[in-house]
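Observations on the three-dimensional arrangement
If you want the building blocks of each chain, they are given just below.
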Amino acid sequence: MHVSTAAEHSPRGAAHASPSEGLTCTARLADSRWTRCLLASVLLGLAGCQSPATQAPFASQPDPLDTAPPITSGLDANSLNQLLGAELAGQRGDYPSAADGYLAASRRFDDPELARRAVLAARYADNPALLERAAQRWQQLDDSATEPGIIRARLAVERGDWMTALEQRLAVETAGGTGNVTTLAEQSIDAGADLESLLSRLLEHVAQYPAQPGPRIAAALYEAALGNESDARRRLMAMEGEFPELAEVWLARSEIERDAGRLSASRQAAERGLAIAPNDSRLILSAAQTELAGGDIEAARLRIDDLVSRHANAPRLRLALASLYLDADSPEDARRLLLPLLDDTPVPDAAYALLGLAAEASGEIDNAILYYRQVPDGERYVSSRARAAQLLVEHDRSEEARQFLAVERLRHPRHAMTLLSFEIDLLDAQEHYAAADELLDGSIKARQKTLTKARSEGDGESAAVTENELASLLFLRGIRRLDDGRLEEMEQDLRQVIALEPENASAYNALGYTLLVEDADRRAEALELVQRAHALKPNDPAILDSLGWGYFLTGDAAQALPPLEAAWAQQQDAEIGAHLIEVLWSLEQQDEARSLAIELSERFEEASELEALFQRIPALRPVVDAP
């Protein structure tokens, strides 16, 4: 079995983070969708729209209950005691208890002010479920209040429930508030939500409330995102006649036309909007983006400089605008925006990462590496170091790259495993397999010595950390040995992983699946290993696939079908599909097997698993009509 197959049946994330994934963090800084999302949030925040702000520590905040009106009537002894308890809890900073107390009181007296006080306390409790309950209660008691809907919409966005978020935003609009439905539409588009369902619900609302412009603009954004630019254009053109002074209509038109590649129409729409609202930063930005897309850097520079001067103390805006310049292949302009951020305290880590990209684009490799090395320990640390090492390798400085990564592992021990994995991948990419094996073997031996010492000294914390690292390295070496056909050594490594981590489902699964397909005499033992993995992770699609295939190879096709169907429902890849087809065929469900074979042939045209299946069962190969 090839190493990639083993990796599918034993997710590498369980062993070590894939360094190639880290690269996406830096690369994403110049990604246009990310830039658009960030720019939208920055400009909305600068405009004072609804945007969750970072809160200062409780000690420096005013009492969140100070502004709430007192409850002066309708109290008996129990309710008075309940309210006093809630007040005292709030005074001593026990916000969860305060919120619970007011929420309970609101249920007893049906008083919206009590629910409002519960919301005020729940804001500081860092408990989304509690805040949701409090906001829902306030909403039940006062359907004219818009704040509960805004809170519930934000919470729904945080958990990815876009339909609930839309419902809440529409309820705010209906109650006479500002639902910011267009902002929600942009967020959900960027998040890859189910746009067709959201559009369907939005169109129902638009039909009922045609006088509300926000939902109609949002509908146009959804239509354009779904590829129906003509419908979106017609919708906005109709609104231009009804709401000629509404800048948001022209903003949406400008963005939709630009995304469709109609730059002249996009520029005209932005100019029409700016004639109505000359100080609207979103329209200035849209016009600049269109000019950048058309290669008119000079015109865009004037608008971007205008934006920066309007929002002098907005570092996130500078970062996002610098990303636009990088997208437009104008690294010097990006550098001009970013360099002032180096005087900030602290310097935004994204500034160093973007300066690295700008230096790369200008061919200044040493400067790029210098900037990447200055990205502080945080979410961009790994991707920046990975990119610096990659640059060194690309410029024939491989030994320097290895030295760089070795130093970084010493400086940042918590990232040592990820950086080690990246170095191994770099060596493999250069076909220096022996050096990669040597590095991995040396790392395993070093941790074995460290573990022996920690155990002898009774250092449980150090032993636990080292055990985890050692198990990850042994897992990685086991998969590499499998790829080299060294099955016995692979089994030894994975057995050691299981000894170190008896709950490691990936190790059981990798070993069990390998024995299933490589050693027919040990299939009963292999199935037991996979069953152990399944007991530890019953919903993992790779393990479900192994389980189903194990049942099939041991002669129980009927029992094989349910786990394979469950695996396919979660993860539709060629290997799981091929297994499912073969089981369906063996159960004489030929129509289903042929239908799935046709689907997989179209989706995975080059998949070796399918070709192997068709060679075993030629009748399953889809017939290709002659031209």
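Structure's up top.
Since we're looking at a predicted model, the values are computed, not measured. (Residues numbered from 1 in each chain as written. Predicted model: local features only at pLDDT ≥ 70, side-chain atom pairs only at ≥ 80, totals over all residues. Heavy atoms only, no water.)

Turning to the packing of aromatic side chains, a few remarks are in order. Pairs of aromatic rings are described using the distance from one ring centre to the other and the angle between the two planes. Within the structure shown, the criterion is met by two aromatic pairs. Seen from their ring centres, Tyr 95 and Tyr 124 are 5.4 Å apart, and the 35° between their planes marks the pair as tilted. On the criterion of sequence distance, the pair formed by Tyr 95 in helix H5 (residues 95-109) and Tyr 124 in the loop between helix H6 (112-122) and helix H7 (128-141) is long-range, its members being 29 residues apart. Since its relative accessible area comes to 8%, Tyr 95 is described here as buried. With 5.0 Å between their ring centres and 25° between their planes, Trp 549 and Phe 552 make a pair best called stacked. With a gap of three residues between them, Trp 549 and Phe 552 both fall in helix H30 (residues 541-553), about one helical turn apart. For Trp 549, a relative accessible area of 7% gives the class buried. (Phe/Tyr/Trp six-rings, centres within 6.5 Å; stacked < 30°, edge-to-face > 60°. Helix = DSSP H or I, 4+ residues; strand = E, 2+ residues; numbered from the N terminus. Buried < 20%, exposed > 50% of the residue type's maximum accessible area, 1.4 Å probe, protein only.)

A few words now on helix H11 (residues 195-208). An α-helical turn contains 3.6 residues, so any two residues separated by three or four positions project in the same direction. Taking 1.5 Å per residue as the helical rise, H11 with its 14 residues ought to reach 20 Å, and the 20 Å between its terminal C-alpha atoms agrees with that figure. Along H11, the positions that sit buried rather than exposed are Leu 195, Leu 198, Leu 199, Leu 202, His 205 and Val 206. Along the long axis of H11, the arc covered by the buried residues comes to 120°, so they all point the same way. H11 presents Glu 196, Ala 207 and Gln 208 as exposed residues on the side facing more than 90 degrees away from its buried surface. As for H11, its buried residues are in contact with helix H9 (162-174), helix H10 (181-191), helix H12 (213-225) and helix H13 (229-242). (Expected span 1.5 Å × (residues − 1). Arc of directions from axis to C-beta. Contact = heavy atoms within 4.5 Å.)

Attention shifts here to the side chain of Ser 384. Structurally, Ser 384 can be placed in helix H22 (residues 381-394). Take Ser 384: its relative accessible area is 0%, and that puts it in the buried class. Here the side chain of Ser 384 touches Arg 385 through a polar contact of 3.1 Å, side chain to side chain. (Polar contact = N/O pair within 3.5 Å; in protein donor to acceptor, adjacent residues only side chain to side chain.)

Time to look at unusual backbone geometry. A cis amide bond links Thr 345 to the next residue, Pro 346, at an omega of -5°. With respect to the secondary-structure elements, Pro 346 resides in the loop between helix H19 (331-338) and helix H20 (349-361). Even without glycine at this site, Asp 329 takes up a positive phi of about 60°. Its location among the elements puts Asp 329 in the loop between helix H18 (315-327) and H19.

Take the environment of Ala 287 next. Looking at the secondary structure, you find Ala 287 in helix H16 (residues 281-293). Taking the C-alpha atoms as reference points, Ala 287 and Arg 258, separated by 29 residues in sequence, lie 9.6 Å from one another. If we ignore the near neighbours within four places in the chain, the residues touching Ala 287 are Ala 270, Leu 274 and Arg 303.

Let's shift gears to the environment of Tyr 551. Residue placement: Tyr 551 occurs in helix H30. Under the relative-accessibility criterion, Tyr 551 is labelled buried at 12%. Sequence separation between Tyr 551 and Leu 527 is 24 residues, and the spatial gap between their C-alpha atoms is 7.4 Å. Excluding anything up to four places from it in sequence, Tyr 551 contacts Leu 527, Gln 531, Asp 556, Ala 557, Gln 559, Ala 560 and Pro 563.

Another aspect to go through is empty space enclosed by the protein. Under the counting rule described, the total for this entry stands at two cavities of 30 Å³ or more. Estimated volume of the second largest cavity: approximately 30 Å³. Forming the boundary of the second largest cavity are Val 393, Ser 398, Ala 401, Arg 402, Leu 426, Leu 427 and Gln 430. Only helix H23 (398-411) and helix H24 (416-429) provide two or more residues apiece to the lining of the second largest cavity. Counting residues per element, the lining of the second largest cavity draws most heavily on H23, at three residues. Its residues placed into classes, the lining of the second largest cavity shows four nonpolar, two polar and one charged. (1 Å grid on protein atoms, 1.4 Å probe; cavity = no way out; pocket = protein on both sides within 12 Å on 5 of 7 lines; lining within 4 Å. Points joined across faces, edges and corners; volume = space filled by probe spheres on them. Nonpolar A, V, L, I, M, F, W, Y, C, P; charged D, E, K, R; others polar.)

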